[in-house]
Amino acid sequence: MGGLFGVVSREGCTKTLFYGTDYHSHLGTENAGMAVFGEGGFSNAIHRISQAQFKSRFVDDYQSMEGWMGIGAIDDLSPQPLIIRSKFGTYALAATGLITNRDELTGKLLREGASFTEMADGGVNNVELIAALINRGEDIVDGIFQMQEVVRGSVCLLLMAEDGIYAARDRYGRFPLVIGRRIGRDGNPDGYAAATESCSFPNLGYEQARSLGPGEIVRLDANGIWNERP
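The following paragraphs examine the structure supplied in this document. Only a predicted model underlies this, so the values are computations on that prediction, with no experimental measurement involved. (Residues numbered from 1 in each chain as written. Predicted model: local features only at pLDDT ≥ 70, side-chain atom pairs only at ≥ 80, totals over all residues. Heavy atoms only, no water.)

A short note on the overall build of the chain
Part 1 of the argument: What the chain contains, in helices and strands, is five helices and 13 strands.
Part 2 of the argument: On the principal axes, the C-alpha backbone points of the chain span a range of 55 × 40 × 35 Å.
Part 3 of the argument: Relative to its 230 residues, the chain shows a buried fraction of 53%.
Part 4 of the argument: Just so you have it, the chain exposes about 10400 Å², and 44% of that area is on carbon and sulfur atoms.
Part 5 of the argument: Placing the 21 positive and 29 negative side-chain charges of the chain at their respective mean positions leaves the two points 3 Å apart. (Helix = DSSP H or I, 4+ residues; strand = E, 2+ residues; numbered from the N terminus. Buried < 20%, exposed > 50% of the residue type's maximum accessible area, 1.4 Å probe, protein only. Areas by Shrake-Rupley, 256 points an atom, 1.4 Å probe, with all protein chains shown as cover. Lys, Arg positive; Asp, Glu negative; His and termini not counted. Charge placed at Lys NZ, Arg CZ, Asp CG, Glu CD.)

Set out below in structure tokens:
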């Protein structure tokens, strides 16, 4: 299955991202990664975790990363999150799920002129495929919706753009995607998170705000949770 974790904050988010992603380690044992956005733009780090625990592989990365938004992923199939440069601008993408018509979609996109980086097993990275499908849309939200319409199977994703983190649950609701918030000392929310599993929230100081419905798309920024598509 794999696991996703994303966070937006008014301050630095990398420590929360590091521990929040690690809470999903039981969902995958092959690949893991983190991407952040801050004053220096987008940056990411991806490592294999088959021979070492997530924390030991990423502790140096998290200590050197800086940003107020970040997404992380644990996955057995595709190294991620990837940084994508598109007509919508640059964004980072992490996704988990099952695409049963992957070969069909890949062939169609190749005939349309798309290109993909070949993985070691000769296949295509699912995240690259999902990004190529999203990039066909009129905007990010329309692209996510169109991707959901053509994929047979189930895909949950976190897409981090400059205006926030877009969280989208698979349209059949087969995989969970939960939104949390952290309350600051003034009694108001000062950070939001999205996670595959809500068990990552309590030890990070977050409370569950809501679960996304099947196919629902929201955007998180430091000011709140914004409904993009019900």
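Some words on the packing of helix H3 (residues 102-111) against helix H4 (residues 126-134)
Part 1 of the argument: Orientation of H3 relative to H4, taken along the N-to-C sense of each, is 55°, at an axis distance of 11 Å. Between H3 and H4, the angle is such that the two are oblique. You can see that H3 and H4 cross each other, and the crossing is left-handed. Across from Arg 102, Leu 105, Thr 106 and Leu 109 in H3, the residues of H4 making contact are Asn 126, Leu 129, Ala 132 and Leu 133.
Part 2 of the argument: Among the residues making up the contact of H3 with H4, the classes are represented as five nonpolar, two polar and one charged. (Axes fitted to C-alpha atoms, helices over the stretch in contact; angles between N-to-C directions. Parallel < 35°, antiparallel > 145°, perpendicular 65-115°, else oblique. Left-handed = near helix turned anticlockwise from the far one by under 90°. Contact = heavy atoms within 4.5 Å. Nonpolar A, V, L, I, M, F, W, Y, C, P; charged D, E, K, R; others polar.)

Description of the sheet that holds strand E13 (residues 224-229)
Part 1 of the argument: Strand order in the open sheet formed by six strands is E5-E6-E7-E8-E12-E13, with antiparallel pairing between adjacent strands. Two strands bound the open sheet, and with one partner strand each, they are strand E5 (82-86) and E13. Adjacent strand axes in the sheet meet at a mean angle of 25° when their direction is disregarded.
Part 2 of the argument: Of the pairings in the sheet, the one linking strand E7 (residues 153-161) to strand E8 (residues 164-168) comprises five bridges and is antiparallel in character. (Pairing = 2+ DSSP bridges.)

Considering the sheet that holds strand E2 (residues 31-38)
Pairing between the strands of a sheet comes from backbone hydrogen bonds, and it takes one of two forms, parallel or antiparallel.
Part 1 of the argument: In spatial order, the strands read E3-E2-E4-E1-E10-E9-E11; together these seven strands make up an open sheet with antiparallel pairing. Looking at strand neighbours, the two that pair on one side only are strand E3 (41-48) and strand E11 (207-211), the edges of this open sheet. Across the sheet, the mean angle separating the axes of adjacent strands is 15° when strand polarity is ignored.
Part 2 of the argument: Pairing between strand E9 (residues 178-183) and E11: four bridges, direction antiparallel. The residue bridging Gly 180 from the neighbouring strand is Gln 208, located in E11.
Part 3 of the argument: Across the face of the sheet, helix H1 (residues 14-22) comes into contact with strand E1 (3-9), E2, strand E4 (69-75) and E9 while running at roughly 160° to E2.

Quick notes on the packing of aromatic side chains
Part 1 of the argument: This model, assessed by the stated rule, comprises seven aromatic pairs.
Part 2 of the argument: Centre to centre, the rings of Phe 37 and Phe 42 are 4.7 Å apart; their planes meet at 50°, and the pair counts as tilted.
Part 3 of the argument: Taking the centre distance of 5.7 Å and the plane angle of 85° together, the rings of Phe 37 and Trp 68 count as edge-to-face. With Phe 37 in strand E2 and Trp 68 in the loop between helix H2 (54-64) and E4, the pair connects residues that are 31 residues apart, well separated along the chain.
Part 4 of the argument: For Phe 37, a relative accessible area of 10% gives the class buried.
Part 5 of the argument: Of the residues examined, Trp 68 reaches a relative accessible area of 34% and is grouped as partly exposed.
Part 6 of the argument: An aromatic cluster of at least three residues, connected via ring pairs, comprises Phe 18, Tyr 19, Phe 54, Phe 58 and Tyr 62. (Phe/Tyr/Trp six-rings, centres within 6.5 Å; stacked < 30°, edge-to-face > 60°.)

Observations regarding the packing of H4 against helix H5 (residues 140-150)
Part 1 of the argument: Relative orientation of the contacting elements H4 and H5 amounts to 115°, with a least axis distance of 7 Å. In this structure, H4 crosses over H5, and the sense of that crossing is right-handed. Residue-level contacts link Ile 130, Leu 133 and Ile 134 of H4 to Ile 140, Gly 143, Ile 144, Met 147 and Val 150 of H5.
Part 2 of the argument: Its residues placed into classes, the contact of H4 with H5 shows seven nonpolar, one polar and no charged.

Notes on H2
Part 1 of the argument: Looking at H2, one finds that the buried residues are Phe 54, Phe 58, Asp 61 and Tyr 62. Considered in projection along H2, the buried side chains sweep an arc of 100° and stay on one side of the axis. Along H2, the residues that are exposed and aim more than 90 degrees away from the buried face are Asp 60, Gln 63 and Ser 64.
Part 2 of the argument: Looking at the buried side of H2, the elements it contacts are H1, E2, E3 and E4. (Arc of directions from axis to C-beta.)

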